[in-house]
Amino acid sequence: MDQPELITQLQLGDESAFTKLVDEYQDMVYNTALGIVQQADDADDITQEVFIQVYQSISSFKGDSKFSTWLYRIAVSKALDHEKKKKRKKRFGFVQSLFGGDGEEQVHPVEFDHPGIQAEKKESAAALFRALKQIPDNQRIVFTLHKLEGQGNREIAAIMNTSLQAVESLMSRAKASLKKELNDYYQKNIT
Amino acid sequence: MNKQEDINKLIDDALNSADDIKRAAVKPFLLTRIHARMNKGKESLWEKAGWLIGRPAVAFTGLCMIILINITVVLVNKPSAADYAVERSSQQQVDEFSYTVATIYEIDNTQQNDK
């Protein structure tokens with residue numbers, strides 16, 4: 001079953017087409033989410049949400065962009081929404097803790113260890129992922145899609161619905177921001 | 001090599017650490033979990049409605065609308081001076097031409113007096 005046929009079958013509500021879609025794109029969606037939220041369980045939740053959204057709104061896919069672009073767009077948007085919700089929860093937990101509740105226990109920020117990184121690069125990658133959390137969302141998305149998903153600038157521009165120049169500018173700003181964050185981190189932690 | 005040079009090397013290493021990254025594997029039975037979640041979503045329609053109504057913005061807007069409707073109803077139905085005059089004159093007419101019905105108590109007393 002080729003991609004246009006798969007989409008047609010999905011639009012007709014074919015269950016086997018949905019199974020095939022999940023099989024084909026689960027790694028792409030999961031890894032995009034994982035790169036953004038840096039939590040395996042959260043990325044798994046987001047992956048489920050993305051496929052449910054695809055199932056529910058496949059009729060709105062008109063084929064103006066590539067299907068993978070549309071899917072990336074949903075994954076990125078869901079991952080960012082998830083992060084916002086988590087930040088709200090963290091703030092609420094902090095307020096709860098002020099009033100003697102156990103809100104602080106609801107969020108456990110842990111250092112991210114991406115399973116796809118080579119063993120000898122784990123430490124450097126942990127510093128990179130820590131720095132990624134500190135930079136603005138749009139810079140982070142561009143960097144993540146490029147470095148982790150191997151997407152080109154043109155594809156990233158389509159996913160983010162922006163121009164090629166904007167993506168190039170965001171990428172260069174992302175690198176500068178990351179360098180600054182990493183420099184600050186190493187200045188504090190290297191004696 | 002001084003400290004800043006060490007740091008610069010560490011920064012370059014960190015930026016290049018994700019260059020040959022491999023994709024992480026998804027936990028097994030993703031499709032089963034998706035189906036379970038879809039079915040759960042279908043069951044909790046009332047929960048969704050409750051969640052929507054319970055949102056502060058929606059609840060506050062609803063409350064404001066109820067108060068506004070109440071105020072409007074009170075203001076629209078407030079009797080004017082003319083209505084009051086009509087009501088008063090009709091009450092006077094009723095009083096003037098009313099037929100007073102004797103109570104059982106008065107009838108009983110009258111019968112006893114006759115005896």
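Criteria and thresholds
Residues numbered from 1 in each chain as written. Chains lettered and ligands numbered in written order. Predicted model: local features only at pLDDT ≥ 70, side-chain atom pairs only at ≥ 80, totals over all residues. Heavy atoms only, no water. Helix = DSSP H or I, 4+ residues; strand = E, 2+ residues; numbered from the N terminus. Buried < 20%, exposed > 50% of the residue type's maximum accessible area, 1.4 Å probe, protein only. Contact = heavy atoms within 4.5 Å. Areas by Shrake-Rupley, 256 points an atom, 1.4 Å probe, with all protein chains shown as cover. Salt bridge = Lys/Arg side-chain N within 4 Å of Asp/Glu carboxyl O. Expected span 1.5 Å × (residues − 1). Polar contact = N/O pair within 3.5 Å; in protein donor to acceptor, adjacent residues only side chain to side chain. pLDDT = per-residue confidence, 0-100. Buried area = accessible area lost by both parts, 1.4 Å probe. Axes fitted to C-alpha atoms, helices over the stretch in contact; angles between N-to-C directions. Parallel < 35°, antiparallel > 145°, perpendicular 65-115°, else oblique. Left-handed = near helix turned anticlockwise from the far one by under 90°. Nonpolar A, V, L, I, M, F, W, Y, C, P; charged D, E, K, R; others polar.

Moving on, we get to the overall build of chain A. A tally of regular secondary structure across chain A gives eight helices and zero strands. Starting at the N terminus and ending at the C terminus, chain A contains elements arranged as α-α-α-α-α-α-α-α. Each principal axis of the C-alpha atoms in chain A carries an extent, and together these give about 60 × 45 × 30 Å. Taken across its 191 residues, chain A has 45% of its residues classed as buried. Sequence separation of at least 24 residues holds for 60% of the intrachain contacts in chain A that already meet a minimum separation of 6. When the accessible surface of chain A is split by element, carbon and sulfur atoms take 49% of a total near 10,000 Å².

What follows covers the overall build of chain B. Each helix and strand in chain B was counted, giving six helices and zero strands. Counting the 115 residues in chain B, one finds 11% classified as buried. Approximately 10,000 Å² of chain B is accessible, and the part contributed by carbon and sulfur atoms is 63%.

This paragraph deals with the pattern of salt bridges. All names here are of chain A. All told, the structure shown has 16 salt bridges over all chains when counted by the stated rule. Across the pair Glu 83 and Lys 133 runs a salt bridge whose closest N-O atoms are separated by 2.7 Å. Placement of the pair is Glu 83 in helix H4 (residues 67-98) and Lys 133 in the loop between helix H5 (122-132) and helix H6 (137-147), with a sequence separation of 50 residues. Looking at Glu 83, the relative accessible area reads 10%, which means it is buried. The network of salt bridges with common partners includes Glu 83, Lys 133, Asp 137 and Arg 140.

Here we take up helix H3 (residues 40-57) of chain A. Since the α-helix advances by 3.6 residues per turn, residues separated by three or four positions end up pointing in the same direction. Between its terminal C-alpha atoms H3(A) stretches 26 Å, which fits the 26 Å expected from 18 residues at 1.5 Å a residue. All of the buried residues along H3(A) are Asp42(A), Ala43(A), Asp44(A), Ile46(A), Thr47(A), Gln48(A), Val50(A), Phe51(A), Ile52(A), Val54(A) and Ser57(A).

Before going further, it helps to spend a moment on the environment of Lys62(A). Residues and elements named next belong to chain A. Among the secondary structure elements, Lys 62 is positioned in the loop between H3 and H4. A relative accessible area of 63% places Lys 62 in the exposed class. In terms of polar contacts, Lys 62 uses its side chain to reach the backbone carbonyl oxygen of Ser 59, at 3.2 Å.

On average, residues of chain B score 82 in pLDDT, and 81% of them are at 70 or above. Listed scores for the predicted complex are pTM 0.72 and ipTM 0.83.

Next up on the list: the interface of chain A and chain B. Across the boundary between the two partners, chain A contributes 40 residues, which contact 27 residues of chain B. A combined buried area of about 3,200 Å² lies between chain A and chain B, and 63% of that area is made up of carbon and sulfur atoms. Inspection of the chain A/chain B interface yields seven salt bridges. The residue Asp45(A) makes a salt bridge to Arg37(B) at a minimum N-O spacing of 3.4 Å. Applying the counting rule to chain A against chain B returns 15 residue pairs in polar contact (both at pLDDT 80 or more). Of all elements in the fold, only helix H2 (15-37), H3, H5, H6 and helix H8 (164-189) of chain A reach the threshold of two or more residues within the side of chain A that touches chain B.

Summing up the model confidence of chain A, the mean pLDDT is 90 and the portion of residues at 70 or higher is 94%. Looking across chain A, the model is least confident in H4(A), with a mean pLDDT of 87, and most confident in helix H7 (residues 153-160) of chain A, with 96.

This part takes up the packing of H8(A) against helix H1 (residues 3-16) of chain B. Two numbers describe how H8(A) lies on H1(B): the axes approach to 9 Å, and their chain directions differ by 130°. It follows that H8(A) is oblique to H1(B) by the angle criterion. Crossing of H8(A) over H1(B) shows right-handed handedness. In contact with Leu178(A), Lys179(A), Leu182(A), Asn183(A), Tyr186(A) and Gln187(A) of H8(A), H1(B) contributes Lys3(B), Gln4(B), Ile7(B), Leu10(B), Ile11(B), Ala14(B) and Leu15(B). Considered class by class, the residues forming the contact of H8(A) with H1(B) number eight nonpolar, three polar and two charged.

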